[in-house]
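So you can see what is in the structure, the chains are spelled out below.
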Amino acid sequence: QVQLVESGGGLVQFGGSLRLSCAASGFRFSIYWMSWYRQAPGKERELVARIFGTSGSITYADSVKGRFTISRDNAKNMVYLQMDSLKPVDTAVYYCNANFDTQHDYWGQGTRVTVSS
C-alpha cells in the first residue's frame, strides 16, 4: 500500500522558516521523481520543487528559487522541503507527490502552511 505522509506545516511569520517532511512507503522510492506542490485558496495546484531519485536532478519554481531547498534521503524514504524567507504568498496547502509514470503517480494528504504578514 502506497503512503505519502507530510508533516511540518504550521503558522509562521513573514521571513521565517519551516521544514516540511514527507515519509514514503509502499513503492520503490529511489527511482521515483519526488515533488512538492502547493495549492493556495482559489488557485490551481502548482509545482514548487522536484528531485529525481538517482541523479538528484532538481527543478524549482521561479517563485521559490533561492528560498526553498528540496532534498531526499533514499535510505530513509524521505523527502524534505526547507523553506526560508517565507512570504504571505507562500501560504498554501503543500502536497508531496511521487511520480514514476502516469500509472504510478501518488499524492499525500497535504500539510497547511500559513505565513502571516
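Residues numbered from 1 in each chain as written. Predicted model: local features only at pLDDT ≥ 70, side-chain atom pairs only at ≥ 80, totals over all residues. Heavy atoms only, no water.

Bringing the overall build of the chain into the picture now. For the chain, the count of helices and strands is zero helices and 11 strands. Ordered by position from the N terminus, the helices and strands of the chain form the series β-β-β-β-β-β-β-β-β-β-β. A globule of 117 residues ought to have a C-alpha radius of gyration of about 13 Å, and the chain, at 13 Å, matches this closely. In terms of principal-axis extent, the alpha carbons of the chain reach across some 40 × 25 × 20 Å. Here the chain contributes 12 positively and 9 negatively charged side chains, and the mean placements of these two sets differ by 3 Å. (Helix = DSSP H or I, 4+ residues; strand = E, 2+ residues; numbered from the N terminus. Rg over C-alpha atoms; globule rule 2.2 N^0.38 Å. Lys, Arg positive; Asp, Glu negative; His and termini not counted. Charge placed at Lys NZ, Arg CZ, Asp CG, Glu CD.)

On to the nonpolar core, then. In terms of nonpolar packing, the biggest core is built from 29 residues, with Met34, Trp36, Leu81, Met83 and Tyr94 touching the most fellow members. Elements represented by at least two residues in this core include exactly strand S3 (18-25), strand S4 (33-39), strand S5 (46-51), strand S7 (68-73), strand S8 (78-83), strand S9 (92-101) and strand S11 (111-116). (Core = buried A, V, L, I, M, F, W, Y, C linked by side-chain atoms within 4.5 Å. Buried < 20%, exposed > 50% of the residue type's maximum accessible area, 1.4 Å probe, protein only.)

The subject of this paragraph is the side chain of Thr111. Take Thr111: it is sitting in strand S11. Given a relative accessible area of 10%, Thr111 falls into the buried group. Polar side-chain contacts of Thr111 include one of 3.2 Å to the backbone nitrogen of Gly9. Leave out the neighbours within four places in its chain, and Thr111 touches Glu6, Ser7, Gly8, Gly9, Leu20, Ala92, Val93 and Tyr94. (Polar contact = N/O pair within 3.5 Å; in protein donor to acceptor, adjacent residues only side chain to side chain. Contact = heavy atoms within 4.5 Å.)

Spatial relationships are all this shows, so hold off on functional conclusions.
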